[in-house]
Amino acid sequence: MAVSSVNGADPVKTTQVQEQKKGKSDVLASTLGLGAVGAGAGGWFGGKKPTLEQIFTQKPDSFTSNEVKEIDADAAKTLEDASLEYNNGGTKELKELRDARATRKVNIAAQVPENLDELEKKVSEAKNAFEAKKVKIDDTEYTAKTVSDELTTAQEEYKNAKTAFDSAEESAKEDAKKTLDSAKEKLNKANEKVRKFYAEAEQENKTYRDAKKELAQAKRNKFENAAKVADTAEKKIVDAIEAKKTAFAEAKTHLKDEILGREEVKNAFEKIKKAFPKEGKGKAALIYGGIAAAVGLVLGLVLGGSKKEA
């Protein structure tokens, strides 16, 4: 169990993580929503070849496997470089989008719901109850802090012991192994104590999490309601985010079109494509699918070549 969990799950931080994931999903949508949708190796049985766009929008390592390099190393490098250029593109627009989202987070945190005092009191009381909770483990009473401290110490000792073992001379390996085994046992015991503590403190931890979640949701609701009204600061923040999302998507699309229009990229693709059979039938289909998996293309092959914009 991670040390951070000993302090109780933090819904405010969870909200931030969700925002970060949302930001990543926008990038993913712009990168993979250009016709690259998931399909298994069975997609090769239809005898359809992947298009340049489908391959191009895969991860850059689609062009770094030995299978591809053996076909044409120079062509593989050209496609790899082009894919890296595309995936790294839109940096300025992406930063502006992230900055706009950061502004929204700050604004949400600063919201003042009508029952703010009541909600903050509930959080404070739940926090105090959780931190005061004591659980007896092996004849010792533990709190959230003490069980967390013991785990942190055990993790650090194990890390140091592992480092010492890895760098030890052969003559010192045996003693280093004993120290490592001892540290590992201590770490396992510390983890078990954390598990037992949280099993006993489940209700207090849940009450604390729920109280923080309620406060965070109240602030978000106030922000979202204000954002529905024209000319409010909140509405302007939401509009700015949408504008930045559009700017980022357009920058990626423009870059994609520019790169795919290059003759050297199109020529490189033709050289790579020749290695695959035109019809995926019988044994050839199995080979075709196997190569595709090894190359890393099956993640984005599309039956029928449909293209869905993000």
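Nothing here was measured: the structure is a model prediction, and the numbers come from that model.

A. Just the overall build of the protein, in detail. Of regular secondary structure, the protein possesses 12 helices and two strands. Each helix and strand of the protein, ordered N terminal to C terminal, gives the series α-α-α-α-α-α-β-β-α-α-α-α-α-α. Taken across its 310 residues, the protein has 36% of its residues classed as buried. When contacts within the protein are restricted to residue pairs at least 6 apart in sequence, those whose partners lie at least 24 apart make up 80%. Total accessible area on the protein is roughly 17,900 Å²; 52% of this is exposed by carbon and sulfur atoms.

B. Highlighting the nonpolar core. By size, the foremost hydrophobic cluster in this structure holds 22 residues, and its most contacted members are Phe130 and Phe197. Residue assignment for this core shows that the elements contributing at least two residues are helix H6 (116–132), strand E1 (135–137), helix H7 (144–167), helix H8 (173–200) and helix H9 (202–226). Counting residues in each nonpolar core, the second largest holds 12 residues, with Leu52, Ile259, Ala268 and Phe269 among its members.

C. Broad picture of the side chain of Lys256. Relative to the assigned elements, Lys256 resides in helix H10 (residues 233–260). For Lys256, a relative accessible area of 5% gives the class buried. Within the local environment of Lys256, its side chain forms a polar contact with the side chain of Asp257, the two groups lying 3.4 Å apart.

D. Representation of helix H11 (residues 263–273) in the model. Looking at H11, one finds that the buried residues are Val265, Ala268, Phe269 and Ile272. When H11 is viewed along its axis, its buried side chains cluster within an angular range of 100° and face the same direction.

Quick notes on the rules
- Note on numbering: residues in each chain are counted from 1, in written sequence order.
- Where totals are concerned, whole chains, interfaces and linings use all residues; where local detail is concerned, this predicted model gives features only for residues with pLDDT of at least 70, and gives and counts side-chain atom pairs only at 80 or more.
- Computation of side-chain values covers all heavy atoms of the structure but excludes hydrogens and water.
- Under the DSSP-based scheme used, a helix requires at least four consecutive residues in state H or I and a strand at least two consecutive residues in state E, with every element numbered from the N terminus.
- Here the term buried applies to any residue with accessible area under 20% of the maximum for its type, exposed to any over 50%, and partly exposed to those in between, with areas from a 1.4 Å probe on protein chains only.
- The criterion used for residue contact is that any of the two residues' heavy atoms lie within 4.5 Å.
- In short, Shrake-Rupley with a 1.4 Å probe defines the accessible areas, and a residue's cover is counted only from the protein chains shown.
- Put simply, a nonpolar core is a bunch of buried Ala, Val, Leu, Ile, Met, Phe, Trp, Tyr and Cys residues held in one set by side-chain atoms that sit within 4.5 Å of each other.
- Whenever two N or O atoms come within 3.5 Å, that pair is a polar contact, provided that in protein one can donate a hydrogen and the other can accept it, and provided that, for residues adjacent in sequence, both atoms are side-chain atoms.
- The arc in question is traced by the directions running from the helix axis to the C-beta atoms.

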